[in-house]
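# Chain and residue survey
Now for the letters of each chain:
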Amino acid sequence: MPLERKNVLIQIAHERLKDATVLLKHKRYNGAVYLGGYVIECLLKAAICVQLRRDRLPAEYKTHELDALLRSSGLFAPLSAERSIYRHYHRVKTWSVELRYLGKRYATAEARQFLVAVKEVKQCILSKLSP
């Protein structure tokens, strides 16, 4: 099951959100935020597959830049039109793959708010992927 398959990306998103929730519970805030952002990356890549009517993510979309993925996903207009979801996305888009290398420490409230935003954006994306 190659990682770039649409259904695998969705499955990974579900699993990484569970992992992020466990990390949050155990006060491992940096890990929780990092995995939370990865959830949205996976879902945006799945949305690109849907937009392109492809089962696998084409190589040119193998990036970690959430805004670039959002633009390619076909979800930008729906997300920006829904103010509450866009507000949550605005928080999530502060994520980057470089977080795994940074020494920044997330506070409890900041990490919790980030994962709330991830859950809201996740639900919105999944609702747009359903036929």
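For the structure itself, look to the data block above.
In this report, the structure presented in the accompanying data block is examined. Every value quoted in this text rests on a predicted model; they were computed, and no experiment measured them.

## Let's talk about unusual backbone geometry
One non-glycine residue, Lys27, lies in positive phi territory at about 60 degrees. Tracing the backbone through its elements, the reader meets Lys27 in the loop between α1 (6-25) and α2 (29-52). Of the residues examined, Lys27 reaches a relative accessible area of 62% and is grouped as exposed. Not every positive phi belongs to a glycine, and Arg53 is a case in point at roughly 55 degrees. Here Arg53 is to be found in the loop between α2 and α3 (66-73).

## Brief notes about the pattern of salt bridges
Considering all chains together, one arrives at six salt bridges under this definition. When the shortest N-O distance is used, the salt bridge between Arg5 and Asp55 registers 3.0 Å. Taken together, the residues span a long stretch of sequence, with Arg5 in the segment before α1 and Asp55 in the loop between α2 and α3 at a distance of 50 residues. Judged by relative accessible area, Arg5 falls into the partly exposed class, the value being 23%. The salt bridge involving Arg16 is made with Asp19; its shortest N-O contact spans 2.7 Å. Separated by three residues within a single helix, Arg16 and Asp19 lie in helix α1, roughly one turn from each other. Accessibility expressed as a relative area gives 25% for Arg16, which makes it partly exposed. Its relative accessible area of 30% is what places Asp19 among the partly exposed residues.

## A look at the nonpolar core
If you look at the biggest cluster of nonpolar residues, it comprises 44 residues, and the most contacted ones within it are Ile40, Leu44, Val92, Trp95, Leu115, Val118 and Ile125. At the level of elements, α1, α2, α3, α5 (83-92) and α6 (108-129) are the ones that each hand at least two residues to this core. Among the elements that make up this core, the one with the highest residue count is α2 (15 residues). Those residues in contact with Leu44 that lie beyond four places of it in its chain are Leu66, Leu69, Leu70, Ser73, Leu75 and Ile125.

## Topic: the packing of α2 against α3
Axis separation between α2 and α3 bottoms out at 8 Å; the angle between their running directions is 25 degrees. Our classification of the angle between α2 and α3 gives roughly parallel. For α2 against α3, the interelement crossing comes out left-handed. Within the contact between the two elements, α2 uses Gly37, Ile40, Glu41, Leu44, Lys45, Ala47, Ile48 and Gln51 and α3 uses Leu66, Leu69, Leu70, Ser72 and Ser73. In the contact of α2 with α3, the residues fall into seven nonpolar, four polar and two charged.

Conventions we followed
- Residues numbered from 1 in each chain as written.
- Predicted model: local features only at pLDDT ≥ 70, side-chain atom pairs only at ≥ 80, totals over all residues.
- Heavy atoms only, no water.
- Helix = DSSP H or I, 4+ residues; strand = E, 2+ residues; numbered from the N terminus.
- Buried < 20%, exposed > 50% of the residue type's maximum accessible area, 1.4 Å probe, protein only.
- Salt bridge = Lys/Arg side-chain N within 4 Å of Asp/Glu carboxyl O.
- Core = buried A, V, L, I, M, F, W, Y, C linked by side-chain atoms within 4.5 Å.
- Contact = heavy atoms within 4.5 Å.
- Axes fitted to C-alpha atoms, helices over the stretch in contact; angles between N-to-C directions.
- Parallel < 35°, antiparallel > 145°, perpendicular 65-115°, else oblique.
- Left-handed = near helix turned anticlockwise from the far one by under 90°.
- Nonpolar A, V, L, I, M, F, W, Y, C, P; charged D, E, K, R; others polar.

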